[in-house]
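An overview of the molecular structure
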Amino acid sequence: MHVMILAAGRGERMRPLTDHTPKPLLCAGGRPLIVHHLERLATAGYRQVVINLAWRGEQIRDHLGEGRPWGLNIRYSPEPEALETGGGIRQALPLLESDPFLVINGDVWCDHPLAPPTLAHDTLAHLVLVDNPPHHPGGDFRLREGRVHHGVADAAPCLTFSGIGWYRPALFADAPLGAFPLAPLLRQAMDRGQVSGEYHPGQWLDIGTPERLAALDRQLT
């Protein structure tokens, strides 16, 4: 199974740290954030990795190379301008090749084991949901009987999408090339009952600010 790490973002909230360094290369616990991902992916048995690049992307390519130190084969999907989450995945589909594939946001840290789920034939996506962090108390989606829903108030708690998910290429079949977010495609698939999910009770952090990066660094050091 292939995996894509989303690493093209500018990291505006992390400035000035990201003025000269791409966010995935910011360090916590003595290693860049993206290296934590690569180590966990290698442990989980993944070997084929695609990374999209935009802001300061050449630094990521120079640092990681072809992935040999981690036993991985890394290929890159350069973007002249960041294509957002959906657009970045859509452009990289020819490199991903497999059905389904894993996608991870480059700016999260999580102890999920990343074992691939078994997707039903009619399931286009499988999302990992976590408890709502203080900066996102309202959450994103609800999980009921293994299916993910949006916009419906019921007894199921509203959880936060972790930025970790498995997708079939068919989710992007009608999407044009160009910049667009992933969330609208997911909501459309949820309306058709085509998105499954799981709750991860372990550790998860959205490394979106210098303060959260410092907190993770203290935790891992």
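1. Some words on the overall build of the protein
Of the regular secondary structure elements, the protein holds five helices and 13 strands. Its C-alpha atoms give the protein a radius of gyration of 17 Å, near enough to 17 Å, the size a compact globule of 221 residues would have. Dimensions of the protein, computed from the C-alpha atoms along their principal axes, are close to 45 × 35 × 30 Å. With 221 residues in all, the protein has 51% of them scored as buried. Put simply, 75% of the contacts in the protein that link residues at least 6 apart link residues at least 24 apart. Carbon and sulfur atoms form 53% of the exposed surface of the protein, whose accessible area is close to 10,100 Å². Each charge sign in the protein was given a centre, from 20 positive and 24 negative side chains, and these centres are 1 Å apart.

2. Quick word on the packing of aromatic side chains
Note on aromatic pairs: each is described by the distance of the centres and the angle between the planes. Under the defined criterion, the tally for this structure stands at three aromatic pairs. A ring pair is formed by Phe101 and Phe172, whose centres lie 6.5 Å apart and whose planes are at 25°; its orientation type is stacked. On the criterion of sequence distance, the pair formed by Phe101 in strand β6 (residues 101–105) and Phe172 in the loop between β11 (158–167) and α4 (183–191) is long-range, its members being 71 residues apart. A residue is classified by how much of its surface remains accessible, and Phe101, at 0% relative accessible area, is buried. A relative accessible area of 1% places Phe172 in the buried class. Taking 6.3 Å as the distance between ring centres and 70° as the angle between the ring planes, the aromatic pair formed by Tyr167 and Phe172 counts as edge-to-face. Of the two residues, Tyr167 and Phe172, neither departs from the other in class, the shared state being buried. Among the aromatic residues, ring-to-ring pairing joins Phe101, Tyr167 and Phe172 into one connected group. Positioned above the aromatic ring of Trp109, the side-chain terminus of Arg40 is 5.9 Å from the ring centre. Lying across the ring of Trp55, Arg56 places its NZ or CZ 4.8 Å from the centre.

3. Thoughts on the environment of His112
With respect to the secondary-structure elements, His112 resides in the loop between β7 (108–110) and β8 (125–130). Judged by its relative accessible area of 3%, His112 falls in the buried class. For the pair His112 and Arg192, spaced 80 residues apart in sequence, the C-alpha separation works out to 27 Å. Setting aside anything within four residues of it in sequence, one finds His112 in contact with Arg40, Val128, Ile164, Trp166, Glu198 and His200. A distance of 2.8 Å separates a polar side-chain atom of His112 from the backbone nitrogen of Leu114. Of the polar contacts made by the side chain of His112, one reaches the side chain of Glu198; its length is 2.9 Å.

4. Considering the environment of Pro113
Mapped onto the elements, Pro113 comes out in the loop between β7 and β8. Among the residues examined, Pro113 registers a relative accessible area of 54% and is labelled exposed.

What counts, and where the lines are drawn
Residues numbered from 1 in each chain as written. Predicted model: local features only at pLDDT ≥ 70, side-chain atom pairs only at ≥ 80, totals over all residues. Heavy atoms only, no water. Helix = DSSP H or I, 4+ residues; strand = E, 2+ residues; numbered from the N terminus. Rg over C-alpha atoms; globule rule 2.2 N^0.38 Å. Buried < 20%, exposed > 50% of the residue type's maximum accessible area, 1.4 Å probe, protein only. Contact = heavy atoms within 4.5 Å. Areas by Shrake-Rupley, 256 points an atom, 1.4 Å probe, with all protein chains shown as cover. Lys, Arg positive; Asp, Glu negative; His and termini not counted. Charge placed at Lys NZ, Arg CZ, Asp CG, Glu CD. Phe/Tyr/Trp six-rings, centres within 6.5 Å; stacked < 30°, edge-to-face > 60°. Lys NZ or Arg CZ within 6 Å of the ring centre and 35° of its normal. Polar contact = N/O pair within 3.5 Å; in protein donor to acceptor, adjacent residues only side chain to side chain.

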